[in-house]
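Spelled out, the chains give:
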Amino acid sequence: MKIYVASSWRNTYQPSVVTALQSAGHAVYDFRHPSAGEVGFSWSDVDPSWQKWSVKQFIQGLQHPYARDAFGRDRRALEWCDVCALVLPSGMSAHLEAGWCAGRGKPVLVYAPELREAELMYGLFGENGGVPIYDTLEEVLRQVSLLRLGHLHQNA
């Protein structure tokens, strides 16, 4: 399967999720290393002072060639994927990516190895009252295998 791993740069679980999915034979989009030898997007490449931006500066930053290229690359990967794995804890961009996938009818699996804050709306990723949240990587891998075999039909 083609899997988009949505997470945060600060998430320490993300690399092991990417490795485990790849080891299981899946094609995985890793925003930290979108292609061989490439390091993913960082706002500091646009402006080292990005954390002090005003809203207007943020809007301008979104138009920077690095930001536009990174957005296009991530957007193409979202269109490419069969499944989204949202790895918690993560921020707004990862949640937007997962929501976009769900809106396109793509299954979203939530890996929550720890709970920082309960959120009600993860129910949007399930069907028939089920919520696809898993607290072990083994369970995420099992669910991906079920999806591959067609035994799990989330968001269809």
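Residues numbered from 1 in each chain as written. Predicted model: local features only at pLDDT ≥ 70, side-chain atom pairs only at ≥ 80, totals over all residues. Heavy atoms only, no water.

Draft legend 1. Structural context of the sheet that holds strand 3 (residues 83–87). Spatially, the 5 strands line up as an open sheet ordered 2-1-3-4-5, and their pairing is parallel. Only two strands of the sheet have a single partner each, and these edge strands are strand 2 (27–29) and strand 5 (133–134). Relative to strand 2, strand 1 (residues 2–6) is paired through 3 bridges, and the arrangement is parallel. Looking at strand 2, one finds that Lys2 is bridged to Ala27. Seen against the sheet, helix 1 (residues 14–23) touches strand 1, strand 2, strand 3 and strand 4 (108–111) and runs at an angle of roughly 175 degrees to strand 1. (Pairing = 2+ DSSP bridges. Helix = DSSP H or I, 4+ residues; strand = E, 2+ residues; numbered from the N terminus. Contact = heavy atoms within 4.5 Å. Axes fitted to C-alpha atoms, helices over the stretch in contact; angles between N-to-C directions.)

Draft legend 2. Fine view of the packing of helix 4 (residues 65–80) against helix 5 (residues 92–103). Between helix 4 and helix 5, whose axes approach to 10 Å, the crossing angle comes to 35 degrees. Once helix 4 is placed against helix 5, the crossing between them reads as right-handed. Here Asp74, Arg75, Leu78 and Glu79 of helix 4 come into contact with helix 5, specifically with Glu97, Trp100 and Cys101. Grouping the constituent residues of the contact of helix 4 with helix 5 by class yields 3 nonpolar, no polar and 4 charged. (Left-handed = near helix turned anticlockwise from the far one by under 90°. Nonpolar A, V, L, I, M, F, W, Y, C, P; charged D, E, K, R; others polar.)

Draft legend 3. Representation of the nonpolar core within the structure. With 19 residues, the main nonpolar core has Tyr4, Cys84, Leu86, Val108, Val110 and Phe125 as its most contacted residues. Elements with a contribution of two residues or more to this core: strand 1, helix 4, strand 3, helix 5 and strand 4. A total of 4 residues in this core trace back to one element, the largest contributor, which is helix 5. Listed in part, the 17 residues of the second largest apolar core include Ile3, Val5, Val28 and Val83. (Core = buried A, V, L, I, M, F, W, Y, C linked by side-chain atoms within 4.5 Å. Buried < 20%, exposed > 50% of the residue type's maximum accessible area, 1.4 Å probe, protein only.)

Draft legend 4. Spatial organisation of the packing of aromatic side chains. Enumeration according to the criterion identifies 7 aromatic pairs in this entry. With 5.5 Å between their ring centres and 80 degrees between their planes, Trp9 and Phe31 make a pair best called edge-to-face. Of this pair, Trp9 sits in the loop between strand 1 and helix 1 while Phe31 is found in the loop between strand 2 and helix 2 (43–46), placing the two residues 22 residues apart along the sequence. Residue Trp9 is classed as partly exposed on the basis of its relative accessible area of 43%. Assessed through its relative accessible area of 10%, Phe31 is described here as buried. For the pair Trp43 and Trp53, a centre-to-centre distance of 5.4 Å together with 80 degrees between the ring planes defines the contact as edge-to-face. (Phe/Tyr/Trp six-rings, centres within 6.5 Å; stacked < 30°, edge-to-face > 60°.)

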